[in-house]
Amino acid sequence: MANFSIDTRGLLCPMPVIRAQDRVEELSLGDHLEVISSDPGALNDIPAWCRINGHAVLEKSQEGREVRIVIKVGS
Amino acid sequence: MSEAKKAAVLVSGGLDSMLAVRVLQEQGIHVEGINFYTGFCVEGHTHAIRKKDQKKDKRNNALWVAEQLGIKLHIVDIVEEYKDVLLNPKHGYGANMNPCLDCKIFMVKKALEWMHKHQFDFIATGEVVGQRPMSQRKDTMPVVSGESGADDLLVRPLCAKNLPPTLPEREGWLDRETLYDFSGRTRKPQMALAKQFGFKDYATPAGGCCFLTDESYSVKLVDLWKARGSRDYEMDDIMLLKVGRHLRPRDNFKMIVSREEGENHFLQGYRNRYISMRTTDFPGPLVLIDGEASEEDLILAGRITARFGKGKSADEVTVEIREMDGASREIKVAPISPSDIEKSWYI
Ligand code: SF4
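Cut-offs applied
Residues numbered from 1 in each chain as written. Chains lettered and ligands numbered in written order. Predicted model: local features only at pLDDT ≥ 70, side-chain atom pairs only at ≥ 80, totals over all residues. Heavy atoms only, no water. Helix = DSSP H or I, 4+ residues; strand = E, 2+ residues; numbered from the N terminus. Rg over C-alpha atoms; globule rule 2.2 N^0.38 Å. Buried < 20%, exposed > 50% of the residue type's maximum accessible area, 1.4 Å probe, protein only. Contact = heavy atoms within 4.5 Å. Areas by Shrake-Rupley, 256 points an atom, 1.4 Å probe, with all protein chains shown as cover. Core = buried A, V, L, I, M, F, W, Y, C linked by side-chain atoms within 4.5 Å. 1 Å grid on protein atoms, 1.4 Å probe; cavity = no way out; pocket = protein on both sides within 12 Å on 5 of 7 lines; lining within 4 Å. Points joined across faces, edges and corners; volume = space filled by probe spheres on them. Nonpolar A, V, L, I, M, F, W, Y, C, P; charged D, E, K, R; others polar. pLDDT = per-residue confidence, 0-100. Disulfide = S-S within 2.5 Å. Pairing = 2+ DSSP bridges. Axes fitted to C-alpha atoms, helices over the stretch in contact; angles between N-to-C directions. Arc of directions from axis to C-beta. Domains from an automatic or database assignment. Patch = residues over 30% accessible without salt bridge, like charges linked within 9 Å, V, L, I, M, F, W, Y side chains within 5 Å. Salt bridge = Lys/Arg side-chain N within 4 Å of Asp/Glu carboxyl O. Lys, Arg positive; Asp, Glu negative; His and termini not counted. Charge placed at Lys NZ, Arg CZ, Asp CG, Glu CD. Polar contact = N/O pair within 3.5 Å; in protein donor to acceptor, adjacent residues only side chain to side chain. Near = heavy atom within 4 Å.

Tallying secondary structure elements over chain A gives 2 helices and 4 strands in all. Counted from the first residue to the last, chain A has its helices and strands arranged as β-α-β-α-β-β. At 11 Å, chain A has a C-alpha radius of gyration in line with the 11 Å of a compact globule built from 75 residues. Dimensions of chain A along its principal axes, counting C-alpha atoms only, are 30 × 20 × 15 Å. For chain A, buried positions account for 53% of its 75 residues. Considering only contacts within chain A whose residues lie at least 6 apart along the sequence, 62% involve residues at least 24 apart. For chain A, the exposed surface amounts to about 3400 Å²; the carbon and sulfur share of it is 46%.

This next bit is on the nonpolar core. Inside soluble globular proteins, nonpolar side chains tend to come together where they are buried. Residues and elements named next belong to chain B. Core analysis: the biggest nonpolar cluster contains 107 residues, and Leu 24, Phe 40, Tyr 82, Ile 123, Phe 199 and Leu 212 have the highest contact counts within it. No other element matches helix H6 (residues 100–117), which puts 10 residues into this core. Non-local contacts of Leu 24, meaning those with residues more than four positions away in its chain, are made with Ala 7, Val 9, Ile 29, Val 31, Phe 122, Ala 124, Pro 157 and Leu 174.

Bringing empty space enclosed by the protein into the picture now. Residues and elements named next belong to chain B. Scanning the model with the defined rule gives 2 cavities of 30 Å³ or more in all. The space that makes up the second largest cavity amounts to roughly 40 Å³. Together, Leu 224, Arg 228, Asp 237, Leu 240, Leu 241, Lys 254, Ile 256, Tyr 274 and Asp 290 line the second largest cavity. Of all the secondary-structure elements, those providing two or more residues to the lining of the second largest cavity are helix H10 (215–228), helix H11 (235–240) and strand S7 (253–257). The class makeup of the residues in the lining of the second largest cavity is 5 nonpolar, no polar and 4 charged.

Summarising the model, chain B shows a mean pLDDT of 91, and 94% of its residues fall at 70 or more. The ipTM, which scores confidence in the relative placement of chains, is 0.92 for this predicted complex, and the corresponding pTM is 0.89.

Another point: the state of the cysteines. Chemically, a disulfide is nothing more than a covalent bond linking the sulfur atoms of two cysteines. All chains considered together, the criterion is met by 0 disulfides over all chains. You can see Cys50(A) has no disulfide; the closest cysteine sulfur is in Cys13(A), sitting 12 Å from it.

Residues and elements named next belong to chain A. Reading across the sheet, the 4 strands line up as S1-S2-S4-S3 and stay open at both edges, with mixed pairing between neighbours. Lying at the two open borders of the sheet, with one neighbouring strand each, are strand S1 (3–7) and strand S3 (56–63). Each strand of the sheet is rotated relative to its neighbour by a mean of 15 degrees, with strand direction disregarded. Sheet topology note: the S1/strand S2 (residues 32–37) ladder contains 5 bridges and is parallel.

Residues and elements named next belong to chain B. Among the residues of helix H7 (residues 141–148), those classed as buried are Met 141, Val 144, Ser 145 and Ser 148. All buried residues of H7 project into a common sector of 90 degrees when viewed along the axis, lining one side. On its buried face, H7 is in contact with H6 and strand S5 (154–155). Gly 149 sits one or two positions beyond H7 and adopts a positive phi of about 90 degrees.

Splitting chain B by domain gives domain 1 (6–212) and domain 2 (243–345). Here the C-alpha centre of domain 2 of chain B lies 42 Å away from the C-alpha centre of domain 1 of chain B.

Cis peptide bonds are those with omega within 30 degrees of zero, and the linkage from Cys13(A) to Pro14(A) qualifies with 10 degrees. Tracing the sequence through the fold places Pro14(A) in the loop between S1 and helix H1 (15–26). You will see that Gln119(B), though not glycine, has its phi angle at about 55 degrees, which is positive. With respect to the helices and strands, Gln119(B) occurs in the loop between H6 and strand S4 (122–124).

In this section: a negative patch on the surface. Residue and element names in this part refer to chain B. The grouping of Asp 281, Asp 315, Glu 316 and Glu 330 at the surface amounts to a negative patch. Position of Asp 315 among the secondary structure elements: in the loop between helix H13 (295–307) and strand S10 (317–322). Its relative accessible area of 71% is what places Asp 315 among the exposed residues.

Right, let's get into the interface of chain B and chain A. Taken together, the contact pairs 22 residues of chain B with 20 residues of chain A. Inspection of the chain B/chain A interface yields 1 salt bridge. A salt bridge links Arg51(A) to Glu67(B), with the nearest nitrogen and oxygen atoms 2.5 Å apart. Across the chain B-chain A interface, the total number found is 3 residue pairs in polar contact (both at pLDDT 80 or more). Counting only elements with at least two residues in the side of chain B that touches chain A, the list comes to helix H2 (45–49), helix H4 (61–69), strand S3 (72–77) and helix H12 (261–268) of chain B. Residue composition of the side of chain B that touches chain A, grouped by class: 10 nonpolar, 6 polar and 6 charged.

Moving on to the site of the ligand. Around the ligand sit Tyr82(B), Pro99(B), Cys100(B), Cys103(B), Cys209(B), Cys210(B) and Thr213(B), and that is every residue in its neighbourhood. Among the residues making up the shell around the ligand, the classes are represented as 6 nonpolar, 1 polar and no charged.

Here we take up the environment of Leu163(B). Residue and element names in this part refer to chain B. Turning to its location among the elements, Leu 163 is positioned in the loop between S5 and helix H8 (167–170). Sequence-wise, Leu 163 and Gln 190 are 27 residues apart; in three dimensions their C-alpha atoms are separated by 18 Å. Not counting chain neighbours up to four residues away, the residues in contact with Leu 163 comprise Val 129, Met 141, Arg 156 and Arg 176.

Quick look at the structure:
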C-alpha cells in the first residue's frame, strides 16, 4: 500500500473526477489517493464515482473553496 | 451457462441512455457506461462558478444515472481530439455551432475503441429515430454506425425494431422482440417506459447535451474566432465563454464582466493571463480584457467597468488596471452613460 496525491486545483468538474479516475487506474488495490480540488462539486462527484466503481472514500473535507478527498483503491 | 455478454453504453445523464441501459440489463447483459467530456458539456461548470447556483443540487447526472442503474461509469476526456470535430465537421453544423452528426460519429468511434480494448462485445446508445433533427434521423443513424466503424455492433435498444437487426440480435445475445420501436420527437414512450422501470427522478435535457446547441454561446464562440482571426480555442476560452457578460466595444478587444461574486472569484484566477480591471472606491465587477487594447481603449473599458459598479452615478470613479504581471495603476474616469453603451457591443 502506498500514498499518492493529485492536485486538480483550477479545474472544474468533471475534470477532477477524470484526473482521479485516470490516476486510480495506475494504482494498486489498497493504495490511497488524495485529491485536492478547488471545485466544491468534487465533494459530490468524486464520492459518487467511487461508490459506483468500488472504491472507498476515507476522508472528505472542505476548507474555504478548497476540498480534499482521500480515496482507497478498491476492486 | 456462458458468461454474460458485455455492452458499453454511451451514458449522457439523460433519460434515453438510462432506459437503454436498463433494457439491456433486463436481458442479462453486463453493462458499463461511457461518458465523453468535450469541454462543452452542460454538466458541472456553471453551477460550480455561479454562487447562486452553488446551493442547488450539484450532482453530475451521468454519475447519478450510473449509480441508479448499478453500473460502472468511465468518463473519457476528449477535449483535445474534439477540437477537430468542432472545427471541421464533415457533415456541418446544426441550428447553432453544434456538429451533432460528426460528434455522434466520433463518440461512437471512441466507444468502439474502448469496447475492443476492454473486450466488450458491443455498444449501445439511447438514440431514437427522428428524435433529434440532425444526428437522430432515419437517414443519419446509419451514417453514425457506418462512419464510426461500429456497423452492426451498435445497438439502439429504444428503436431497434425500426432498424435492421444488429449482430447481437442476430446472434441471439439480445431478443429483438423485447427491444423497442420508438420514433419521432414525442417523449411519451420514454416516459411510459421510465414509469414501468420505476424511474422517478431523471434529467430532462432541454435541446441538447452541450453548450454548442445554445444560441448565445455559439454567437460568443464565433465572435472569438472572428476577433482572433483563427478558428481555434483552448479549454480556458470554453470556460470563459460561459461566464459573465461579454461586450466588444471595439474590434480589437472584448470585456468579460462578472455578474456576481462567484463569477468574480472565478475570473480572478485568470488575472495573470488577461489585463483586468475593477473599481477601487466602489464595489463593482471584476473585468477581464481580451485582446490588444490601446490606452484609449483602456479608458473606454474603465468607463464601462465603472458603469457596471455601484459608483455608476458618481461623477468620477477610480479604476484599477492590473497588468498580467501584477503591476497595477489607477485611472480616474466618468462612468459611461447607459445610452452610450451600444447594443451591438453585447455579444
Ligand atoms: S448536442 Fe453537443 S454533445 Fe450532443 S451530439 Fe450535439 S454536439 Fe454532440
